[in-house]
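Next come the chains, spelled out residue by residue.
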Amino acid sequence: MTLARRPIKNLRWWLIGVVMIGTSLNYLTRSTLGVAAPTVLADLGIGEREYGWITGAFQLGIMLQPVAGYLLDTIGLRMGLAIFASAWAVITMAHGLATGWVSLMGLRAALGFAEGTAHPGGLKVVAEWFPARERGFASGIYNVGASFGSMLAPPLVAGAILWWNWRAAFVVVGLMAGLWVALWLFTYRSVETHRRLSEEERTLIATGREAHLTVGPRRSIPTLLRQRNLWGIVLPRFLADPTWGTLTFWLPLYLVTARGFDLAQIAMFAWLPFVAADFGCMAGPAMAAWLRRRGVGLINARRWAFTIGALLMTCMIFVGSVESPYAAIALLSLGGFAHQMLSVTCITLATDLFPQNEIGTVAGIGGTFANLGVLLFSVAIGTLVTTIGYEPFFVALSMLDLLAAVVLWTVVKPPAVAPEPHGQEVAA
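Just so you know, these numbers come straight off a predicted model, no measurement behind them.

What counts and what doesn't
- Residues numbered from 1 in each chain as written.
- Predicted model: local features only at pLDDT ≥ 70, side-chain atom pairs only at ≥ 80, totals over all residues.
- Heavy atoms only, no water.
- Helix = DSSP H or I, 4+ residues; strand = E, 2+ residues; numbered from the N terminus.
- Rg over C-alpha atoms; globule rule 2.2 N^0.38 Å.
- Buried < 20%, exposed > 50% of the residue type's maximum accessible area, 1.4 Å probe, protein only.
- Contact = heavy atoms within 4.5 Å.
- Lys, Arg positive; Asp, Glu negative; His and termini not counted.
- Charge placed at Lys NZ, Arg CZ, Asp CG, Glu CD.
- Salt bridge = Lys/Arg side-chain N within 4 Å of Asp/Glu carboxyl O.
- Patch = residues over 30% accessible without salt bridge, like charges linked within 9 Å, V, L, I, M, F, W, Y side chains within 5 Å.
- Areas by Shrake-Rupley, 256 points an atom, 1.4 Å probe, with all protein chains shown as cover.
- Phe/Tyr/Trp six-rings, centres within 6.5 Å; stacked < 30°, edge-to-face > 60°.
- Lys NZ or Arg CZ within 6 Å of the ring centre and 35° of its normal.
- Disulfide = S-S within 2.5 Å.
- Expected span 1.5 Å × (residues − 1).
- Core = buried A, V, L, I, M, F, W, Y, C linked by side-chain atoms within 4.5 Å.
- Axes fitted to C-alpha atoms, helices over the stretch in contact; angles between N-to-C directions.
- Parallel < 35°, antiparallel > 145°, perpendicular 65-115°, else oblique.
- Left-handed = near helix turned anticlockwise from the far one by under 90°.
- Arc of directions from axis to C-beta.
- Nonpolar A, V, L, I, M, F, W, Y, C, P; charged D, E, K, R; others polar.

(A) Expanded view of the overall build of the chain. Of the regular secondary structure elements, the chain holds 18 helices and 0 strands. Radius of gyration (C-alpha) of the chain: 21 Å, near the 22 Å computed for a compact globule of 428 residues. In terms of overall dimensions, the chain has a C-alpha envelope of 60 × 50 × 40 Å along the principal axes. A buried classification covers 58% of the 428 residues belonging to the chain. In the chain, once contacts between residues fewer than 6 apart in sequence are set aside, the share between residues at least 24 apart is 86%. Of note, the chain has its 29 positive side-chain charges centred 8 Å away from the centre of its 22 negative side-chain charges.

Shown next as structure tokens:
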């Protein structure tokens, strides 16, 4: 056997690391405008109302995730993600050519559609490459990329603006995304065809899947929309994801307009909520695993992890009312931790309830509703913030997550038969 074909130990964890890097760049590119917004809006003469529509256009584009997810289920992960990632790299660089809010809005809509493959693609890798007991942590790892990319945006983008200008910032992050495409094409193959996968690991993956998730005929989107468990996933995402949209698109503007920060201070502090969110990505699976070891069923363990995150999210009530801007940053950081804790848990539920060949489509539908929530919330901020301020929106975010927990407990129905796969150690 040649060196090029020698098996790589624990290949599935290396591959989820590649996915995490791609997710980081996906969220870095989508977060670039949020960091650059104070400079871009001043340079192009754009107001907060128009900025609300610009961010809303991104959400409209990304709401086409069912289409993107269906394409991934149809043409496969390797080429599907390569095509879409190439598109979001080019569109990001094109932001540097924007001349006003209309052109910027069009670019954001196109970027939203291209970037809508991030979560469907990541979940498909998790479903195809990981046994049931590892899916929670695998999902947490790739979702760390969402937090890390958003964390990287403030210092990187602000630095590029200070060193060059805001147009160059978009070119820099777009080029970084383009490099990932080459890495993805070089490293990724399916479980069935990857020549660096050992037979031992291939067997571990195959025997670690639940019987009720055996791949069968793929159901259509209308059929999936009639599934109760689909709505048990997508409605909580609709209610919870406005938190992430607020942190990504509005946090820098909030710090400038309400807290008096300048660009240098944004570079110093705006990334902290996303660092906390990185820890939240792993806290959700860890909490579910801890509950599993104490005899709690898989679905209920995930619901409890979500609920604990929702309770922690009540800290957001006080963000707008505390006097110290640094206390506000601390509360926003706790909110970022809590949100990713519950978000990763909810996203992973799709791999527990639906077979592999439907994961991309299910994740896409969930993404549509999640981004619809972000769209409505973002437009509301853009329309009302100048008259009522930010404080009511922070209060609303905490209440929406508690409502999402109620929906998760009342709508999701655990599978009738879901035995532990082949006696493997309990984990999540």
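(B) Region of the structure containing unusual backbone geometry. At N10, a position not held by glycine, the phi torsion is positive, near 55 degrees. Mapped onto the elements of the fold, N10 is located in the segment before α1 (11–44). Taking the relative accessible area as the measure of exposure, N10 reaches 35% and is therefore partly exposed.

(C) Region of interest: the pattern of salt bridges. In the structure shown here, the tally under the stated rule is 6 salt bridges. One salt bridge connects R12 with E201, and the closest N-O pair in it is separated by 2.9 Å. Here R12 is found in helix α1, whereas its partner E201 is found in helix α9 (residues 199–207), with 189 residues between them in sequence. Here E201 falls in the buried class, since its relative accessible area comes to 6%.

(D) The arrangement of a nonpolar patch on the surface in detail. Residues L64, V67, L71, I75, M79 and I83 make up a contiguous nonpolar surface patch of about 510 Å² in total accessible area. Those elements that place two or more of their residues in the nonpolar patch are α3 (65–75) and α4 (77–94). Examining the composition of the nonpolar patch, we find that 3 residues originate from one element, α3, more than from any other. As for its position among the elements, V67 is in helix α3. With relative accessibility at 43%, the residue V67 sits in the partly exposed group.

(E) Local environment of the packing of aromatic side chains. This model, assessed by the stated rule, comprises 17 aromatic pairs. For the pair W180 and W184, a centre-to-centre distance of 5.4 Å together with 25 degrees between the ring planes defines the contact as stacked. Residue W180 and its partner W184 are located together in helix α8 (residues 166–187), separated by 4 residues, close to a single helical turn. For the pair formed by W180 and W184, the shared burial category is buried. Ring centres 5.3 Å apart and planes at 85 degrees place the aromatic pair W244 and F274 in the edge-to-face group. With W244 in helix α12 (residues 242–257) and F274 in helix α14 (residues 272–293), the pair connects residues that are 30 residues apart, well separated along the chain. Across this residue pair, the class does not change: W244 and F274 are buried. Here the aromatic cluster, defined as three or more aromatic residues joined through ring pairs, consists of W129, W180, W184 and Y188. R30 extends its terminal NZ or CZ atom over the ring of Y27, reaching a point 4.0 Å from the ring centre.

(F) Just the state of the cysteines, in detail. What the rule picks out here adds up to 0 disulfides. Note on C346: no disulfide assigned, nearest cysteine sulfur contributed by C281 at a separation of 14 Å.

(G) Structural view of helix α6 (residues 118–129). For α6, spanning 12 residues, the distance from its first C-alpha to its last is 16 Å, which sits close to the expected 16 Å at 1.5 Å a residue. Where burial is concerned, most of α6 is hidden: 12 out of the 12 residues are buried. Every buried residue of α6 is listed here: A118, H119, P120, G121, G122, L123, K124, V125, V126, A127, E128 and W129.

(H) Broad picture of the nonpolar core. Grouped together as the largest cluster of nonpolar side chains are 118 residues, with contacts concentrated most on W129, W184 and Y254. For this core, the element with the highest residue contribution is α1, accounting for 15 residues. Residues contacting Y254, with those up to four places away along its chain left out, are R259, V319, G320, A328, L332, Y390 and F394.

(I) Up close: the packing of α12 against α14. It is the contact of α12 with α14, at a shortest axis distance of 11 Å, that shows an interaxial angle of 155 degrees. Judged on the interaxial angle alone, α14 and α12 are roughly antiparallel. Both α12 and α14 take part in a crossing whose hand is left-handed. Mapping the contact onto sequence places W244, L247, T248 and L251 in α12 and P273, F274 and A277 in α14.

(J) Inspection of α3 at higher detail. Turning to α3, its buried residues number three or more, namely Q65, P66, A68, G69, L72 and D73. When α3 is viewed along its axis, its buried side chains cluster within an angular range of 165 degrees and face the same direction. Check the buried side of α3 and you find it contacts α2 (48–62), α4, α6, α10 (221–224) and α17 (356–388).

(K) Local environment of the packing of α1 against α6. Contact geometry for α1 and α6: axes closest at 10 Å, N-to-C directions at 170 degrees. With respect to α6, the element α1 is oriented roughly antiparallel. For the pair α1 and α6, contact is made by L11, R12, L15, I16, V19, N26, Y27 and R30 and by A118, H119, G122, V125, V126 and W129, respectively. Counted by class, the contact of α1 with α6 contains 9 nonpolar, 3 polar and 2 charged residues.

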